[in-house]
Amino acid sequence: MYSFAISYIIYYFKHSYYFYIMICKYFNKCGGCQIQNLSYNKQIEYKINKFIEIFNLEPDEVIKSPKIFYYRNRMDYAVGKNYEVGLKEYKKWYSYIDIDECYLQSEESNIIRNRFRDFIINNKLEPWNNIDHTGFIRYIVIREGKFTNERMVNIVTSNTENIEYYKNIFLEFYKEIKKYVNSFYWTINNTISDVSYGDINYNLNNNNYIKEKALDNIYYISPNNFYQPNSYTAEILLKYVKELSNIKENDIVYDLYSGSGFYAIELSKYSNYVYAIDNSIENKKMFEVNKNINNIKNLRFLLSRVEDIEKISADKIIVDPPRSGLGKGVIKKIINSYPKDIIYISCYPETQKRDIDYFINAGYKINNKILIDQFPNTFHMETIFTLKK
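(A) Main features of helix α3 (residues 107-122). The end-to-end C-alpha distance of α3 is 23 Å, a good match for the 22 Å that 16 residues give at a rise of 1.5 Å each. When α3 is considered as a whole, its buried residues turn out to be S109, N110, I112, R113, N114, F116, R117, F119 and I120. Buried residues along α3 sit against β2 (74-79), β3 (85-89), β4 (92-98), β5 (137-145), β6 (150-157) and α4 (163-177). Downstream of α3 by a residue or two, K124 has a phi angle that is positive, lying close to 50 degrees.

Shown next as structure tokens:
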């Protein structure tokens, strides 16, 4: 009786928005979460205050994440020189936290990560040393379709001449985790850069992609193309962009920094003239896959850096740039296009504020300002601003 009551109280505290106890033993060391010690309502209050501090404005709407644990659809687990498999220590690129349980992605990803650690130890596969740039095993990346229950595992290593040998080795690991995995890759990063992707990809189980859903769309995901990291808020984000853009049939719409077409696929249902622009060949490849699977005809992809486009001619522009924001040259091109509406999505409000000020000086006015908590338990948030001429 007493153990049941205690379990109920712990469950209540874990899931309450008003009361909270930390459930992660790595908190304050690991770089994955920074404010997990706050109740979810307090986390939202913190982010609203941060929004006000940055923009000197209150958000019109604040959207909570439908899930605050196990919400991430991608995790890049680094491998340390002492066979740690987990995340980097907060603000220490050289220090690794060996994690046996993480609450960011899924219970299945915990199983896969822990089995991977045992596998590389048992097979004496040398981990990468990020200081002297020696070793072999660098990352294990796990991607998930939260609405499709599909999963991709990608082992990232340094270079080797023994390709066939290691293919067979990694296939032995695949056999151990096969019931959890739809797509299985081995990627070689032959540079010293501490990144979880590379130029050489081997698909080891003949299933190139996994799928995810948002609204009525299907999005295929490869090892390296971008997808919004929280599938639950990604769908909300897409819904807001669709509604706020209020696109008409003959509107010319540009989706800048489009990735593999997350926004453009949806927006092309409402306009005959939608252009997606991105400089990644991988994103272009996945854009074509997504375009075809969703039976989209009136949509064109331009493989280019946005900075290199000679001219933009659009009625409505969607921008979701990297954390560095828009360069002055891009801002000038957008302003010279005289769009009626600009929808600016960002995961880094500091650079977004800087860029919005340029648009305001050019005669645009803020029409909507929305905060979406795409990253529970962390400092980070997603913001949407609409600007109108």
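(B) How the structure looks around the sheet that holds strand β13 (residues 299-303). If you trace the eight strands from one edge of the open sheet to the other, you get β1-β16-β17-β15-β14-β11-β12-β13, paired in mixed fashion. The open sheet has two edge strands with one neighbour each: β1 (61-63) and β13. Pairwise comparison of adjacent strand axes, ignoring direction, gives a mean angle of 15 degrees for this sheet. One ladder, built from five bridges, connects strand β11 (residues 252-256) with strand β12 (residues 273-278); its direction is parallel. Within β12, the residue paired with Y254 across the bridge is Y275. Along the sheet face, helix α9 (residues 349-361) touches β15 (341-346), β16 (365-372) and β17 (382-388) and points at about 165 degrees away from the line of β15.

(C) Inspection of the confidence of the model for the chain at higher detail. Looking at the chain, the pLDDT average stands at 93 and 94% of residues meet or exceed 70. Of the regions scoring below 50 in pLDDT, residues 1-19 engages in 16 contacts with residues more than four places distant in sequence or in other chains.

(D) Broad picture of the packing of aromatic side chains. Going through the model one piece at a time under the given rule, you end up with 27 aromatic pairs. Considering the side-chain rings of Y70 and Y103, the 6.0 Å spacing of their centres and the 25 degrees angle between planes classify their relative orientation as stacked. Here the residue Y70 occupies a position in the loop between β1 and β2, and Y103 occupies one in the loop between β4 and α3, the gap between them amounting to 33 residues. Measuring from centroid to centroid gives 5.2 Å for F262 and Y263, while their planes differ by 70 degrees, and the two rings are edge-to-face. Here the two residues F262 and Y263 agree in accessibility, since each one is buried. An aromatic cluster is present here, built from F136, Y165, Y166, F170, W186 and Y202 joined pairwise through their rings. The residue whose ring lies beneath R113 is Y77, and the NZ or CZ to ring-centre distance is 4.8 Å.

(E) Region of the structure containing the sheet that holds β6. Read from one edge of the open sheet, seven strands run β4-β3-β2-β5-β6-β7-β8, paired in mixed fashion. Two strands close off the open sheet at either side, each with one partner strand: β4 and β8 (200-203). Strand-to-strand twist in this sheet, taken as the mean axis angle between neighbours without regard to direction, amounts to 35 degrees. Inspection of the sheet shows β6 paired to strand β7 (residues 183-188) by six bridges, in the parallel sense. Opposite V153, over in β7, you have F184 as the bridge partner. Its contacts with the sheet place α3 against β2, β3, β4, β5 and β6, and it is angled at close to 160 degrees to β5. The strands that α4 touches are β5, β6, β7 and β8; relative to β7, the one it contacts most, it runs at about 145 degrees.

Each value, and the rule that gives it
- Residues numbered from 1 in each chain as written.
- Predicted model: local features only at pLDDT ≥ 70, side-chain atom pairs only at ≥ 80, totals over all residues.
- Heavy atoms only, no water.
- Helix = DSSP H or I, 4+ residues; strand = E, 2+ residues; numbered from the N terminus.
- Expected span 1.5 Å × (residues − 1).
- Buried < 20%, exposed > 50% of the residue type's maximum accessible area, 1.4 Å probe, protein only.
- Contact = heavy atoms within 4.5 Å.
- Pairing = 2+ DSSP bridges.
- Axes fitted to C-alpha atoms, helices over the stretch in contact; angles between N-to-C directions.
- pLDDT = per-residue confidence, 0-100.
- Phe/Tyr/Trp six-rings, centres within 6.5 Å; stacked < 30°, edge-to-face > 60°.
- Lys NZ or Arg CZ within 6 Å of the ring centre and 35° of its normal.

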